[in-house]
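Spelled out, the chains give:
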Amino acid sequence: VPFISVLFLTFLLLFLALFPGAFNCCTKLSDEIPKGILRRVERFEIQKADGLCHLEAIILYIEGRKFCVSPRIRKVKKWMKKNKHKIPRKK
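So, here's what we can say about the structure. (Residues numbered from 1 in each chain as written. Predicted model: local features only at pLDDT ≥ 70, side-chain atom pairs only at ≥ 80, totals over all residues. Heavy atoms only, no water.)

## Things to note about the pairing of strand S2 (residues 57–62)
Logical step 1: With 6 of its 6 residues buried, S2 lies for the most part within the structure.
Logical step 2: Burial along S2 is two-sided: the residues Ala-57, Ile-59 and Tyr-61 and Ile-58, Leu-60 and Ile-62 are all buried.
Logical step 3: Relative to strand S3 (residues 65–69), S2 is paired through 5 bridges, and the arrangement is antiparallel. Bridged to Leu-60 within S3 is Phe-67.
Logical step 4: Between S2 and S3, which pair antiparallel in sequence order, lie 2 residues; one of them, Glu-63, sits at a positive phi of approximately 50°. (Buried < 20%, exposed > 50% of the residue type's maximum accessible area, 1.4 Å probe, protein only. Helix = DSSP H or I, 4+ residues; strand = E, 2+ residues; numbered from the N terminus. Pairing = 2+ DSSP bridges.)

## Some details on the packing of aromatic side chains
Logical step 1: With the rule as written, the count across this model stands at 1 aromatic pair.
Logical step 2: Across from the ring centre of Tyr-61, 3.8 Å away, lies the NZ or CZ of Arg-43, which sits over that ring. (Phe/Tyr/Trp six-rings, centres within 6.5 Å; stacked < 30°, edge-to-face > 60°. Lys NZ or Arg CZ within 6 Å of the ring centre and 35° of its normal.)

## Some thoughts on the environment of Asp-31
Logical step 1: Mapped onto the elements, Asp-31 comes out in the loop between helix H1 (2–18) and helix H2 (35–39).
Logical step 2: On the basis of relative accessibility, which here comes to 59%, the residue Asp-31 falls in the exposed class.
Logical step 3: Sequence-wise, Asp-31 and Ile-73 are 42 residues apart; in three dimensions their C-alpha atoms are separated by 6.6 Å.

## Thoughts on the layout of surface pockets
Unfilled space is identified by rolling a water-sized probe across the atoms.
Logical step 1: Volume-wise, the second largest pocket comes out at about 260 Å³.
Logical step 2: Lining the second largest pocket are 10 residues, with Lys-35, Leu-38, Trp-79, Lys-82 and Asn-83 sitting closest to its centre.
Logical step 3: Taken together, the elements giving at least two residues each to the lining of the second largest pocket come down to H2 and helix H3 (74–83).
Logical step 4: Here the element with the most residues in the lining of the second largest pocket is H3; it accounts for 5 residues.
Logical step 5: Considered class by class, the residues forming the lining of the second largest pocket number 4 nonpolar, 1 polar and 5 charged. (1 Å grid on protein atoms, 1.4 Å probe; cavity = no way out; pocket = protein on both sides within 12 Å on 5 of 7 lines; lining within 4 Å. Points joined across faces, edges and corners; volume = space filled by probe spheres on them. Nonpolar A, V, L, I, M, F, W, Y, C, P; charged D, E, K, R; others polar.)

## Remarks on a nonpolar patch on the surface
Logical step 1: Together, Phe-3, Ile-4, Leu-7, Phe-11 and Leu-14 line one region of the surface with nonpolar side chains, adding up to about 560 Å² of accessible area.
Logical step 2: Of note, Phe-11 is situated in helix H1. (Patch = residues over 30% accessible without salt bridge, like charges linked within 9 Å, V, L, I, M, F, W, Y side chains within 5 Å. Areas by Shrake-Rupley, 256 points an atom, 1.4 Å probe, with all protein chains shown as cover. Salt bridge = Lys/Arg side-chain N within 4 Å of Asp/Glu carboxyl O.)

## A closer look at the state of the cysteines
Logical step 1: Under the counting rule described, the total for this entry stands at 2 disulfides.
Logical step 2: A sulfur-sulfur separation of 2.0 Å characterises the disulfide bridge that pairs Cys-25 with Cys-53. One quick way to see it: the torsion about the S-S bond of Cys-25 and Cys-53 is about -70°, and its sign makes the bridge left-handed. Here the residue Cys-25 occupies a position in the loop between H1 and H2, and Cys-53 occupies one in the loop between strand S1 (43–47) and S2, the gap between them amounting to 28 residues.
Logical step 3: Cys-25 gets classed as buried once you look at its relative accessible area, which sits at 16%.
Logical step 4: We classify Cys-53 as buried; its relative accessible area is 15%.
Logical step 5: Sulfur-sulfur distance for the disulfide between Cys-26 and Cys-68 comes to 2.0 Å. Its torsion about the S-S bond being -75°, the disulfide of Cys-26 and Cys-68 is classed as left-handed. Of this pair, Cys-26 sits in the loop between H1 and H2 while Cys-68 sits in strand S3; the two residues are 42 residues apart in sequence, bridging distant segments of the chain. (Disulfide = S-S within 2.5 Å.)

And the structure:
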């Protein structure tokens, strides 16, 4: 039994080393966002629906917290276009 535990732990650590973002994907998206939230965004990321993450999303960072929103929200699209040079974007 201890051998199986060690083997499982080894595979888990190997997976985390090879795919560090695997547990950092947005899994649920908000379809609405208050304008006040957009004013407080410190940075944003674009999550593609490829590789380990299965949803397209815009990840907004506000005061160290992460908010996952749909990239189809008109208000967010407009905000991104307007602020793309002002707010840092992480790829």
